[in-house]
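Working through the structure, step by step
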Amino acid sequence: MKHALALLALCLFTAPLLAQNKAMLVIHGGAGTITRQNMTPEAETKHREGLEAALRAGHAVLARGGSSLDAVEAAIRTLEDNPLFNAGKGAVFTHEGRNELDAAIMDGKTKKAGSVAGVTIIKNPITAARAVMEKSPHVMMAGRGAELFATKMGLEIVDPSYFWTEARWKSLQNALMKEEEQKKKEQPDASLERNDAKFGTVGAVALDAGGNLAAGTSTGGMTNKQFGRIGDAPIIGAGTYASNDSCAVSATGHGEFFIRWTVAYDIAALMKYRGLTVKQAAEEVVMKKLVEAKGEGGVIALDRNGNFAMTFNSEGMYRGWIGADGVPHVAIYRD
């Protein structure tokens, strides 16, 4: 009897530990033409530090038994507050010189989701997206309506000038100059098709001790975007998706392609219906389907067993991961 009780106690003690050992957080901070040749050592160090800070913020949640949703939100808020990344404080400018932000979050256990699009005064759009998911009957809110909702929910509201950064403003001016040059040459405007081959978006996917997945994505969109353009980040199934029966996905890239090819859900569907691993599914979509379509970018994807993929067809992608051991790993370039 004593042996049986001891065995039971051991099982009850080790089961949570085994589950927590699978806890995993994976993040990205954008993809594109990111090479050693076009980045100074100082800039590389700052980006690595920014990624590590986000990983530690999310891991702190998981380490104390928090949910994957909480971890995703914590990691993305850290990136939104860092002006180096194109989300929140570091958002790029539209053609009109505004910062219009998009974000989405999804719970893999319940398949509940929330997103906001085209918001201009919400300090942390990922938190607003979660509020839409948990405190409204809707999935997506846009523009002024989303801002009124966030205000009503007591979220932090800032003056639009909060999002202004000199680096992003200069990027807009460069884009406007190129646009004028193209007009003089009577060539089609390509500024909406590509943004210097760099697609700034941040995202996170997480697995908690309970075996539940979550995904989130936040972005300022594309420099010089016009006419209220919305990308893939806030669209469930395109730039963001999570389901416990397959995987959690956050994407970064040329959003129009990710929308049309429903990239995030396609990866999940390949796992669920064809039995592909998370790595195989991500490579099938990003390295084959998107490449054939001439769509550039990447994804992070995580399954319920803690297996993950960080797949991209661009020259680089800011990315990182952290497991139960609490050791952050970050990478930028392809090699």
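Everything below is about the structure shown above.
The structure contained in this document is the topic of the report that follows.

1. Here we look at the overall build of the protein chain
Each helix and strand counted, the protein chain has 9 helices and 13 strands in total. For the protein chain, with 335 residues in total, the buried portion stands at 57%. Long-range pairs, those at least 24 residues apart, make up 70% of the contacts in the protein chain between residues at least 6 apart in sequence. Of the accessible surface of the protein chain, which amounts to about 14700 Å², a share of 56% is contributed by carbon and sulfur atoms.

2. With respect to helix H9 (residues 278-293)
Between its first and last C-alpha atoms H9 spans 21 Å; for 16 residues at 1.5 Å apiece the expected length is 22 Å, and the two agree. Among the residues of H9, Val278, Ala281, Ala282, Glu284, Val285, Val286, Leu290 and Ala293 are the ones counted as buried. The inward-facing, buried residues of H9 contact helix H7 (255-260), helix H8 (263-274), strand S10 (297-302) and strand S11 (308-312). With its phi angle positive at about 65°, lysine 294 sits one or two positions after the end of H9.

3. Some words on the pairing of strand S2 (residues 101-107)
A large share of S2 lies buried, amounting to 7 of its 7 residues. Neither face of S2 is open: one carries Leu101, Ala103, Ile105 and Asp107, the other Asp102, Ala104 and Met106, and all of them are buried. Bridging between S2 and strand S3 (residues 113-119) involves 5 bridges; their strand directions are antiparallel. Looking across to S3, one finds that isoleucine 105 is bridged to glycine 114.

4. Let's talk about the environment of alanine 75
Looking at where alanine 75 falls in the secondary structure, it is placed in helix H3 (residues 68-80). In this structure alanine 75 touches Leu25, Ile27, Ala54, Gly58 and Ala204, once residues within four positions along its chain are discounted.

5. Focus on the packing of H8 against H9
Direction vectors running N to C along H8 and H9 enclose 130°, while the axes themselves pass 9 Å from each other. On the basis of the axis angle, H8 is oblique to H9. Here H8 and H9 pass one another in a crossing that is right-handed. The residues of H9 that touch H8, namely those facing Val263, Asp266, Ile267, Leu270, Met271 and Arg274, are Val278, Ala281, Ala282, Glu284, Val285, Lys289 and Leu290. Of the residues contributing to the contact of H8 with H9, the split by class is 9 nonpolar, no polar and 4 charged.

About the thresholds
Residues numbered from 1 in each chain as written. Predicted model: local features only at pLDDT ≥ 70, side-chain atom pairs only at ≥ 80, totals over all residues. Heavy atoms only, no water. Helix = DSSP H or I, 4+ residues; strand = E, 2+ residues; numbered from the N terminus. Buried < 20%, exposed > 50% of the residue type's maximum accessible area, 1.4 Å probe, protein only. Contact = heavy atoms within 4.5 Å. Areas by Shrake-Rupley, 256 points an atom, 1.4 Å probe, with all protein chains shown as cover. Expected span 1.5 Å × (residues − 1). Pairing = 2+ DSSP bridges. Axes fitted to C-alpha atoms, helices over the stretch in contact; angles between N-to-C directions. Parallel < 35°, antiparallel > 145°, perpendicular 65-115°, else oblique. Left-handed = near helix turned anticlockwise from the far one by under 90°. Nonpolar A, V, L, I, M, F, W, Y, C, P; charged D, E, K, R; others polar.

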